[in-house]
Amino acid sequence: MPKSPVQNHLDPRLPLVVDTTKLPRQPGATRALKRVAPAPADLGLELIGVPEGSDLELDLELTSVSEGVYVSGRVRGSLTGECGRCLNEISESFDVAIAELFAYEDSTTEETTDEDEVGRMQGDLIDLEPAVRDAIVLTLPTNPLCRPDCPGLCPECGVHFDDLPADHSHEAADPRWAALRNLKETEE
């Protein structure tokens, strides 16, 4: 039974939608794609991500293959977030590889793969957002650090360990011995 996926029509004006009309459908034909696009919303994890609307630099190559278009290259941009140990702000850049096949409509790939295994083209249009999202989010750390040796915060007072003296400590008194401590203080 042929698959009949429900497809939303892609808007070719969207920044991460690529029109392949000028790419011949002959295996081996290539076309370079260099573009700066605004980052979509929610591109990241809880503590770190790409700010919405910030620049994503796409440096890609589109290659015609027998079943569709193979997209490969690099995506670059900036990340912001907070350290998982000390909550300091993190700001750094990223550079990730992307490699994804987008199958032609009605190709044999459509019959031999699940709908979510391979990207699908809609006519001559490719939506790069899911592939870009996967490439970026899968490389992000779940517990980002401002630096590898970040000591974090003191669990008692909440001050960053870098801002505390080396001999910093908190007296942890057992309340069961409080009467003896009071007795000692009255003798002195």
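On a predicted model such as this, the values are computed, not experimentally measured, just so you know.

Asks: An account of the confidence of the model for the protein chain is needed here, citing residue identities and associated values.
Replies: On average, residues of the protein chain carry a pLDDT of 85, and 87% of them reach 70 or more. A low-confidence stretch, residues 1-7 stays under pLDDT 50, and its non-local contacts, those more than four residues away or across chains, total eight contacts.

Asks: Give me the lowdown on the nonpolar core, citing residues and values where you can.
Replies: In terms of nonpolar packing, the biggest core is built from 35 residues, with Leu 56, Val 75, Leu 128 and Ile 136 touching the most fellow members. For this core, the elements supplying multiple residues, two or more each, are strand S2 (30-38), strand S4 (48-50), strand S5 (55-65), strand S6 (68-82), strand S7 (89-103) and helix H2 (129-137). Ranked by residues supplied to this core, first place goes to S7 with five residues.

Asks: With reference to specific residues and values, describe the environment of Glu 129.
Replies: Position of Glu 129 among the secondary structure elements: in helix H2. Look at Glu 129 and you get partly exposed, because its relative accessible area is 27%. Taking the C-alpha atoms as reference points, Glu 129 and Pro 15, 114 residues apart in sequence, are found 9.1 Å from one another. Once residues lying within four places of it in the same chain are set aside, the contact partners of Glu 129 are Leu 16 and Pro 40.

Asks: I'd like to hear about the pairing of S5, residue by residue, with values.
Replies: Alignment of S2 against S5, held across nine bridges, turns out to be antiparallel. Residue pairing in the sheet places Arg 35 in a bridge with Leu 58 of S5. Pairing of S5 with S6 involves nine bridges; the strand directions are antiparallel. Within the sheet, the bridge partner assigned to Ser 64 lies in S6 and is Val 69.

Cut-offs and rules
- Residues numbered from 1 in each chain as written.
- Predicted model: local features only at pLDDT ≥ 70, side-chain atom pairs only at ≥ 80, totals over all residues.
- Heavy atoms only, no water.
- pLDDT = per-residue confidence, 0-100.
- Contact = heavy atoms within 4.5 Å.
- Core = buried A, V, L, I, M, F, W, Y, C linked by side-chain atoms within 4.5 Å.
- Buried < 20%, exposed > 50% of the residue type's maximum accessible area, 1.4 Å probe, protein only.
- Helix = DSSP H or I, 4+ residues; strand = E, 2+ residues; numbered from the N terminus.
- Pairing = 2+ DSSP bridges.

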